[in-house]
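# Observations on the three-dimensional arrangement
Here is what each chain is made of, one letter per residue.
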Amino acid sequence: MSSFAEQPLPFDFDEATPVSLPAGPRPSYIVDHRARLRARFMAGGAQAMPDYELLELVLFRAIPRRDVKPLAYDLLQKFGDFNRVITAPEPRLREVSGVGDAVIVELKIVEAAAHRMARAKVLNQHAISSWDALVDYCHTTMAHRETEQFRVLYLDRKNVLIADEEQAKGTVDHVPVYPREVAKRALELNASALILVHNHPSGDPTPSQSDISMTQQIEAACVALGLSLHDHLIVGKSRELSFKSEGYL
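These lines cover the structure that appears in this document, whether it is placed above or below. (Residues numbered from 1 in each chain as written. Predicted model: local features only at pLDDT ≥ 70, side-chain atom pairs only at ≥ 80, totals over all residues. Heavy atoms only, no water.)

### Considerations on the side chain of His200
Under the convention used in this document: Only DSSP runs of H or I reaching four residues or more are called helices, and only runs of E reaching two or more are called strands; each is numbered from the N terminus. The definition of a polar contact used here is a pair of N or O atoms within 3.5 Å, where within protein one atom must be able to donate a hydrogen and the other to accept one, and adjacent residues in sequence count solely through side-chain atom pairs.
Inspection of the secondary structure assignment puts His200 in the loop between β3 (193-199) and α9 (209-224). A polar contact of 3.2 Å, which involves the side chain of His200, links it to the side chain of His198. For His200, the side chain forms a polar contact with the main-chain oxygen of Asp204, separated by 2.8 Å.

### Observations regarding the pairing of strand β1 (residues 149-155)
Test applied: Three labels apply to residues, based on accessible area from a 1.4 Å probe with only protein chains included: buried if under 20% of the type maximum, exposed if over 50%, partly exposed otherwise in between. When DSSP finds two or more bridges between a pair of strands, those strands are recorded as paired.
Burial runs high along β1: seven of the seven residues are buried. Alternating residues of β1 divide into Gln149, Arg151, Leu153 and Leu155 and Phe150, Val152 and Tyr154, and every residue in both groups is buried. In this sheet, β3 lies alongside β1 in antiparallel orientation, the contact comprising six bridges. In the strand pairing of β3, Tyr154 is matched with Leu194.

### Some remarks on the layout of surface pockets
Stated precisely, the cut-off is as follows: Lining residues are those with an atom within 4 Å of a point, where the points come from a 1 Å grid over the protein atoms alone and group into cavities, where a 1.4 Å probe fits but cannot get out, or pockets, open sets with protein on both sides within 12 Å along at least five of seven lines. Grid points are joined across faces, edges and corners, and a volume is the space filled by probe spheres set on the points. For this classification, the nonpolar set comprises Ala, Val, Leu, Ile, Met, Phe, Trp, Tyr, Cys and Pro, the charged set comprises Asp, Glu, Lys and Arg, and every other residue, Gly included, is treated as polar.
Estimated volume of the second largest pocket: approximately 260 Å³. Lining the second largest pocket are Phe82, Asn83, Ile86, Thr87, Val110, Glu111, Ala113, Ala114, His115, His139, Thr140 and His144. For the lining of the second largest pocket, the secondary-structure elements that each account for two or more residues are α4 (82-87), α6 (101-120) and α7 (131-142). Among the elements that take part in the lining of the second largest pocket, α6 stands out by supplying five residues, more than any other. Its residues assigned to classes, the lining of the second largest pocket comprises five nonpolar, six polar and one charged.

### Quick word on the nonpolar core
Note that soluble globular proteins tend to have their nonpolar side chains buried in a common cluster. Keep this limit in mind: Put simply, a nonpolar core is a bunch of buried Ala, Val, Leu, Ile, Met, Phe, Trp, Tyr and Cys residues held in one set by side-chain atoms that sit within 4.5 Å of each other. Every residue pair with non-hydrogen atoms within 4.5 Å of one another is taken to be in contact.
Counting residues in each nonpolar core, the largest one holds 27 residues, and the members touching the most others are Leu55 and Leu75. Listed by contribution, the elements that provide at least two residues to this core are α2 (51-62), α3 (69-79), α4 and α6. Considering each element in turn, this core owes the most residues, seven residues, to α2. If we ignore the near neighbours within four places in the chain, the residues touching Leu75 are Leu55, Leu59, Gly80, Val85, Leu93, Val96 and Val99.

Printed below as a string of structure tokens:
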């Protein structure tokens, strides 16, 4: 099991821990439990494990000398599922007793890795032919955010994705978007087409009237500059809505 050796991170692991264990070897029940979970994960992968056990595996490195099952349960109780725990904002994570710097670092490493892997599947790829991967990427990066985010995917003349940029962040139900800035950036990147993406933290991807109006303004700016607006995706918790498929574009 040497490949799983836990190296301490440069944080005070017990700063947010109610009770720390004395120095010395870890209790055997902790060692045995961790070994069993790791063995099950290696044998069956994530599909063989419920959310709380997968979260325990992430927490093992952050808290090497304490039973992390109660903390895993507390995090899931607060945020709902594994994805929402991983993507939760740092201030809200710190509201959970037992969460310190080391825990937050481990959670955010997992989140960053998931985003990077999903992005690698779509960047420099033909956006239309890899549409499912593109939608999966948008869902991975945006579905569980607690505030609105507006992103623009810029494509070249062959519809290859050349840039994915966050244009704005907002509140739980609003994000400020400036059509001229979107179009200006497209010209800077020498892009020929755009795909707009934003999320609805409520979970319902149904577009609001302001969503529709903003999209029409960006479409008008694109037409004036000879750019194509391929679609506008609204990402909800469990599904996405396409303006093109729904007849808004």
